[in-house]
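# Architecture at a glance
In case you want the letters, here they are:
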Number of protein chains: 2
Amino acid sequence: MSYPALEQHFRRLGHLQHAAAILGWDEAVIMPAAAGAKRAEAMATLQVFIHEQLTDPRLGDWLAKATQETGLTPFQAANVREIQRLVRRAQAVSPELVERSANAQLRSEQAWRRLRADNDFAGFAPLLAEVITLKRELAAQLASALGLTPYDALMDEYEPGLKAAALDRVFADVRAFLPSLIEQVIERQRGEQAIVPRGPFPIAAQRALGEQMMQAIGFDPNHGRLDVSHHPFCGGVPSDVRITTRYDESDFTSALMGVLHETGHAKYEQGLPQDWMMQPVGSARGMAMHEGQSLCSEMQVSRSRAFLEFLVPHVAHAFPAAAAAQPEAFTVDNLYRFFTRVERSKIRVDADEVTYPCHILVRYGIERALIDGSLTVAQIPEAWDAGMRELLAISTGDDHRDGCMQDVHWPAGAFGYFPTYTLGAMTAAQLFQAALRAHPDLPAQIARGEFAPLNAFLRGAIWSQASLYDGEALLRRATGEALNARHFEAHLRTRYLSS
Amino acid sequence: MSYPALEQHFRRLGHLQHAAAILGWDEAVIMPAAAGAKRAEAMATLQVFIHEQLTDPRLGDWLAKATQETGLTPFQAANVREIQRLVRRAQAVSPELVERSANAQLRSEQAWRRLRADNDFAGFAPLLAEVITLKRELAAQLASALGLTPYDALMDEYEPGLKAAALDRVFADVRAFLPSLIEQVIERQRGEQAIVPRGPFPIAAQRALGEQMMQAIGFDPNHGRLDVSHHPFCGGVPSDVRITTRYDESDFTSALMGVLHETGHAKYEQGLPQDWMMQPVGSARGMAMHEGQSLCSEMQVSRSRAFLEFLVPHVAHAFPAAAAAQPEAFTVDNLYRFFTRVERSKIRVDADEVTYPCHILVRYGIERALIDGSLTVAQIPEAWDAGMRELLAISTGDDHRDGCMQDVHWPAGAFGYFPTYTLGAMTAAQLFQAALRAHPDLPAQIARGEFAPLNAFLRGAIWSQASLYDGEALLRRATGEALNARHFEAHLRTRYLSS
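Heads up: these notes are all about the structure in this document. (Residues numbered from 1 in each chain as written. Chains lettered and ligands numbered in written order. Predicted model: local features only at pLDDT ≥ 70, side-chain atom pairs only at ≥ 80, totals over all residues. Heavy atoms only, no water.)

## A look at the overall build of chain A
Under the convention used in this document: Counting from the N terminus, the helices are the DSSP runs of H or I reaching at least four residues and the strands are the DSSP runs of E reaching at least two. For a compact globule the rule gives 2.2 Å times the number of residues to the power 0.38, and the radius of gyration it is set against comes from C-alpha atoms. Three exposure classes are used, based on accessible area relative to the maximum for each residue type with a 1.4 Å probe and protein chains only: buried under 20%, partly exposed in between, and exposed over 50%. Every residue pair with non-hydrogen atoms within 4.5 Å of one another is taken to be in contact. Note on areas: Shrake-Rupley, 1.4 Å probe, and residue coverage restricted to the protein chains presented here. Charge assignment in this entry is limited to Lys and Arg as positive and Asp and Glu as negative, and neither His nor the chain termini are counted. Just so you know, the charge point we use is NZ for Lys, CZ for Arg, CG for Asp and CD for Glu.
Looking only at helices and strands, chain A has 21 helices and 3 strands in total. Against the compact-globule benchmark of 23 Å for 499 residues, chain A has a radius of gyration of 23 Å, which places it among compact chains. Residues counted as buried form 57% of the 499 residues belonging to chain A. At a minimum sequence separation of 6, the contacts of chain A that also span at least 24 residues come to 74%. Counting every atom, chain A has about 19700 Å² of accessible surface; 53% of that belongs to carbon and sulfur. Measuring between centres, the 48 positive side-chain charges of chain A sit 2 Å from its 59 negative side-chain charges.

As structure tokens, then:
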């Protein structure tokens, strides 16, 4: 029996990852900036220890035996499969390339913060070029070991098994309907008036409202927290999920929707099976499914008219002065118009759900070309401008700050990640439709603040299954069909063009 | 040259310790309690990795060669000596005992928080008994490898080289003068009246005052933070020192003096030499010297009349309503009487500096007996009550909460630690006298809020020296004499009986 040795080994590795997750949260939320250099060294060393665990020479023998063992439970067998996947990926790359990449990415990410503020693409280009050179080398090593194309080998880290060929088909569907749909929605909303709620909205009250809402929709405060960071994220570990937001006294809506988005991620983590918490099979199933949870929470649920019927009294109660001064802004009708406003804009993270996929399509095309070598770093601004003009009728010109330098992903070396945002939007729509078929009364329940039925559906279909199945099988079991853009398109047409 | 390999190896180990320190801080300050079990496992595994690094088979060879190398700088040579010490201690204990101990201690510490509140010694006893059983096993393994008695082997972790035989001599001095001195001080203070400042003292204002004062006396906010925890402590790493306190709206004095105490620890950590931060020689030199820094800050400096001349205007400014309502309480004279009030009490952490050593003597006697097996856990309450009656004329009876369950040390497995508090009090008195000899103007400087001269003395004599010397040599170089109780006694007689 070598299976128990595998579990024991990966429990240790899970503990290192636990430490890395808490250190990462601490760095973003707590740590004074001047302590960053030493923290970066400590975190890099943790990654080295994790990589050493994944390339332990005993693993080959253990895995060879474990795959022959009979009588493993489905979760155990899937755990062997997931371990094999992680080990293969780790063994495929040389440790010195991992270290050189980590260093280059750290340097480039740190410089990016300053250079973006200065709109300095010329200063940024050589740093990004180095990251890409190393990333292409890494992709080549992974590709030859895994029998994948280099870009697929990169995507596989975030969404196991995802291939550009499949992605291209789905994205072609999106490209076919989205630009004209955006045009129609903007035309339709031209006559509408969404009144902007006027503050001040005291931060303590925003925080209290956020905590009340996150718990109302199912966040377990015994196993997580809400804090503040510059960039909102969901971190920590399943037993202790740390979500963050940022507050603006003059606007409560951005922090609140941010909290409801991150709570979707958090509920997935908190809903993973207790017994498998420290094993690879116990992890969430890929970033597309993860984003599916957060977008189900934010887009499918929290921006729906039904949810606003539940939310609005709480908002009025949280900000009595603002609500009294401007009652017309704090109605369900007005806030629904406000939360479903569509606008073409330069910045991905501020984009509404209708225009958001265009931002992803631009990035996807560019990063694939960067990885296959058909585009150089110097050519990015032109490709960006062309993509934005084609899909969103916006020219970014020389505004690199709010153009191709706006995201941390590339300087940090995260190539192959962007597509999961749009796959997540489709997953969310498809899952919510499946939940609606199971519970036709869902909108009425949501309007009454009853989230247990929806959560039970997601827990049964997705959260409790962790990585037992591959992403495609998991979604098919939950919804009866493969991932596709139809439900997403139908959702957009219903919400933005028909009601 | 095998010395560079040693440094490289211990840098990795330092990074693991960095992770463990931040996880420990997080556990006490941030983490929701229900996440404790998984955190305990992760922290135990980190200790196993640290232990594995310390017992790496290559170390024997590297150390053998490094001790022969010529041309090492004094810090490098001392680093080899410190590495050897750590490796010897680590090799002496079995890894599985380290892991079992870490788990038992964290479980027991987590349960203690609840059980102490419930005064539940019966519930606590089996958890503590398990910790002690494992600790005795560990002490026995250490003792046989290091040629020390089991208790000395435990003390050696906190104060390298400290032996019970030497401690007994110093403590006999204390026991000889202290009870009658306490009697005299209480008699003398019987006629005095110290007015208790009346709140409320808003917590935000207390926090702001604490941060202002910690920075005034030399804390660098770019490399550390002040937060809240159940039990105040100084944690984190030298590049990011995390101190904590706890607030009570009706009393600002306890939190403030707590902050000034922990700031003494923090300044030591922040003052350690940058270049040696990740190496064993770069660590603080033992817990007695550490407590010497905190007690120098709190007792020698912050409770002096000179410091109160600096402090009182800031206090009045921080709490204008309270100061206006009760001006007679916010004078230097009254606050000096208040901050030097001596009272026999049950709680160590609330004890004044005169009665404090009695609390240590009680614990020292009990923990030595627990480790040598002459006392069982069930017998602790009786031994505690007897000790408190003998030294402080107080009976704790069935009040375990404020009796033998008041401290986190035993449930957390810290046996051999308590003596360092009283050695620290002596160190503080001895160091402050040496600083006074070098700067006779020190009290006047302190009254003006000038802390640079005192900090320069401590930085030169202690902080910058890290673990270059052993504890005895370090103190002798700084003060011209070995550690002894005379300066402590003189300090108490001057402050409490003569002025």
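The structure having been displayed, the exposition proceeds.
## Let's talk about the sheet that holds strand S1 (residues 224-228) of chain B
All names here are of chain B. Inclusion rule: A pair of strands is treated as paired once DSSP finds two or more bridges between them. Fitted lines through C-alpha atoms give the axes, limited to the stretch in contact for helices. The angle between two N-to-C directions lies from 0 to 180 degrees.
Strand order across the open sheet formed by 3 strands is S1-S3-S2, with mixed pairing between neighbours. Since the sheet does not close on itself, it has two edges, and those belong to S1 and strand S2 (234-237), each with one partner. Averaged over all pairs of adjacent strands, the angle between strand axes in this sheet comes to 20°, irrespective of strand direction. Pairing geometry for S1 and strand S3 (residues 240-245), over 5 bridges, is parallel. Of the residues in S3, the one forming a bridge with Asp 227 is Thr 244. Of the strands in this sheet, S1, S2 and S3 touch helix H1 (residues 3-29), which is tilted by about 20° from S3.

## A few points about the pattern of salt bridges
All names here are of chain A. Let me state the cut-off plainly: The term salt bridge refers to a pairing of a side-chain nitrogen on Lys or Arg with a carboxyl oxygen on Asp or Glu at a separation within 4 Å.
A full pass over the atoms with the stated rule returns 71 salt bridges over all chains. Between Arg 305 and Asp 333 there is a salt bridge; the shortest N-O distance is 2.6 Å. Of this pair, Arg 305 sits in helix H12 (residues 305-318) while Asp 333 sits in helix H14 (residues 332-339), and the two are 28 residues apart along the sequence. Given the relative accessible area of 35%, Arg 305 is considered partly exposed.

## A look at the packing of helix H2 (residues 36-54) of chain A against H1 of chain B
Convention followed: Put simply, angles under 35 degrees are roughly parallel, angles over 145 are roughly antiparallel, angles from 65 to 115 are roughly perpendicular, and the rest are oblique. All residues other than Ala, Val, Leu, Ile, Met, Phe, Trp, Tyr, Cys, Pro, Asp, Glu, Lys and Arg, Gly among them, are scored as polar; the first ten of these are nonpolar and the last four charged.
The contact between H2 of chain A and H1 of chain B brings their axes to 9 Å, and the two run at 105°. Classified by the angle between their axes, H2 of chain A and H1 of chain B sit roughly perpendicular to one another. Within the contact between the two elements, H2 of chain A uses Lys 38, Arg 39, Glu 41, Ala 42, Thr 45, Leu 46, Val 48, Phe 49 and Glu 52 of chain A and H1 of chain B uses Arg 12, His 15, Leu 16, His 18, Ala 19 and Ile 22 of chain B. Classifying every residue of the contact of H2 of chain A with H1 of chain B by side-chain character gives 7 nonpolar, 3 polar and 5 charged.

## What to know about the interface of chain A and chain B
Cut-off, in case you're wondering: Once two parts are joined, some of their accessible surface, as seen by a 1.4 Å probe, is lost; buried area is that loss totalled over both. Between N or O atoms, a polar contact is any pair within 3.5 Å; within protein, one atom must be a potential hydrogen donor and the other a potential acceptor, and residues adjacent in sequence are included only when both atoms are from side chains.
Opposite the 35 residues of chain A that make contact, chain B presents 34 residues. Contact with chain B buries surface across chain A, with Arg 12, Lys 38 and Phe 49 of chain A losing the most and accounting together for 19% of the total. At the junction of chain A and chain B, the tally comes to 6 salt bridges. Taking the shortest distance from any N to any O, the salt bridge between Asp 240 of chain A and Arg 39 of chain B comes out at 3.6 Å. Counting the contacts that link chain A with chain B gives 12 residue pairs in polar contact (both at pLDDT 80 or more). Of all elements in the fold, only helix H1 (3-29), H2, strand S1 (224-228) and strand S3 (240-245) of chain A reach the threshold of two or more residues within the side of chain A that touches chain B.

## Here we look at the sheet that holds S3 of chain A
Residue and element names in this part refer to chain A. Read from one edge of the open sheet, 3 strands run S1-S3-S2, paired in mixed fashion. This sheet does not close on itself; its edge strands, each paired only once, are S1 and strand S2 (234-237). Geometrically, the sheet is characterised by an average inter-axis angle of 20° between neighbouring strands, direction not taken into account. Where S2 meets S3, 4 bridges bridge the pair, whose relative direction is antiparallel. In the strand pairing of S3, Cys 234 is matched with Ile 243.

## Quick look at the relation of the copies chain A and chain B
For clarity, the threshold we go by: Superposition of the copies was done by least squares, using only C-alpha atoms of residues whose pLDDT is at least 70 in both.
Placing chain A over chain B gives an RMSD of 0.9 Å and needs a rotation angle of 176°, together with 0.5 Å of translation along the axis. Between the two chains, the operation in question is that of a two-fold axis. A symmetric contact is evident, with 97% of the interface residues of chain A recurring at the interface of chain B.

## With respect to helix H11 (residues 286-302) of chain A
Residues and elements named next belong to chain A. For clarity, the threshold we go by: Any helix carries an expected span of 1.5 Å times its number of residues minus one. Note on bend: the value at a residue is the angle between axes fitted to the seven residues ending there and to the seven starting there.
Taking 1.5 Å per residue as the helical rise, H11 with its 17 residues ought to reach 24 Å, and the 23 Å between its terminal C-alpha atoms agrees with that figure. In H11, a bend of some 40° at Leu 295 exceeds every other bend along the element. The element H11 is extensively covered by neighbouring structure, given that 16 of its 17 residues are classed as buried.

## Some remarks on unusual backbone geometry
The omega torsion of the bond from Gly 199 of chain A to Pro 200 of chain A falls at 5°, within 30 degrees of zero and hence cis. Tracing the backbone through its elements, the reader meets Pro 200 of chain A in the loop between helix H8 (164-189) and helix H9 (203-216). In the Ramachandran plot, Ala 393 of chain B falls in the positive-phi region, its phi being about 55° despite a non-glycine side chain. Relative to the helices and strands, Ala 393 of chain B is located in the loop between helix H16 (380-392) and helix H17 (419-438). Under the relative-accessibility criterion, Ala 393 of chain B is labelled exposed at 61%.

## Quick notes on the packing of aromatic side chains
As a reminder, the rule being used: Aromatic pairing here means that ring centres of Phe, Tyr or Trp (its six-membered ring) are within 6.5 Å. Orientation follows from the plane angle: under 30 degrees is stacked, over 60 is edge-to-face, and everything else is tilted. When the NZ atom of lysine or the CZ atom of arginine is within 6 Å of a ring's centre and also within 35 degrees of its normal, the charge is said to sit over that ring.
Summed over the entire model, instances satisfying the criterion amount to 41 aromatic pairs over all chains. Relative to Trp 276 of chain A, the ring of Phe 75 of chain A lies with its centre 5.5 Å away and its plane at 15°, an arrangement referred to as stacked. Of this pair, Phe 75 of chain A sits in helix H4 (residues 74-92) while Trp 276 of chain A sits in the loop between helix H10 (253-271) and H11; the two residues are 201 residues apart in sequence, bridging distant segments of the chain. A residue is classified by how much of its surface remains accessible, and Trp 276 of chain A, at 13% relative accessible area, is buried. Plain terms: the ring middles of Phe 418 of chain B and Tyr 421 of chain B are 6.1 Å apart, the flat faces sit at 40° to each other, and that makes the pair tilted. Per residue, the accessibility class of Phe 418 of chain B equals that of Tyr 421 of chain B, and both read buried. Through pairs of rings, three or more aromatic residues link up here, namely Tyr 158, Tyr 356, Trp 384, Trp 410, Phe 415, Tyr 417, Phe 418 and Tyr 421 of chain A. Here the basic side chain of Arg 242 of chain B rests over the ring of Trp 25 of chain B, its NZ or CZ set 4.5 Å away from the ring centre.

## Points about the state of the cysteines
As used in these notes, a disulfide is a covalent bond between sulfur atoms, one from each of two cysteines. Selection criterion: Cysteine sulfur atoms that pair up within 2.5 Å are treated as a disulfide.
Applying the stated criterion to the full structure yields 0 disulfides over all chains. Cys 358 of chain A supplies the cysteine sulfur nearest to Cys 404 of chain A, a cysteine that is in no disulfide, at a spacing of 18 Å. For Cys 296 of chain B, which is in no disulfide, the shortest distance to another cysteine sulfur is to Cys 234 of chain B and amounts to 15 Å.

## A word on the packing of H8 of chain A against helix H21 (residues 486-498) of chain A
All names here are of chain A. To keep things clear, this is the line we draw: Should the near helix be turned counterclockwise from the far one by less than a right angle, the crossing is left-handed, whereas a clockwise turn marks it as right-handed.
Between H8 and H21, whose axes approach to 10 Å, the crossing angle comes to 15°. Between H8 and H21, the angle falls in the class roughly parallel. The two elements H8 and H21 cross, and the hand of that crossing is left-handed. Here H8 contributes Phe 177, Leu 178, Leu 181, Gln 184, Val 185, Arg 188 and Gln 189 to the contact with H21, which in turn contributes Phe 488, Glu 489, Leu 492, Arg 493, Tyr 496, Leu 497 and Ser 498. Looking at the contact of H8 with H21 residue by residue, the classes come out as 8 nonpolar, 3 polar and 3 charged.

## Notes on the side chain of Glu 7 of chain B
Residue and element names in this part refer to chain B. Looking at where Glu 7 falls in the secondary structure, it is placed in helix H1. Its relative accessible area of 17% is what places Glu 7 among the buried residues. Not counting residues up to four positions away in its chain, the partners in contact with Glu 7 are Asn 79, Trp 276 and Gln 279.

In short, geometric facts, not functional conclusions.
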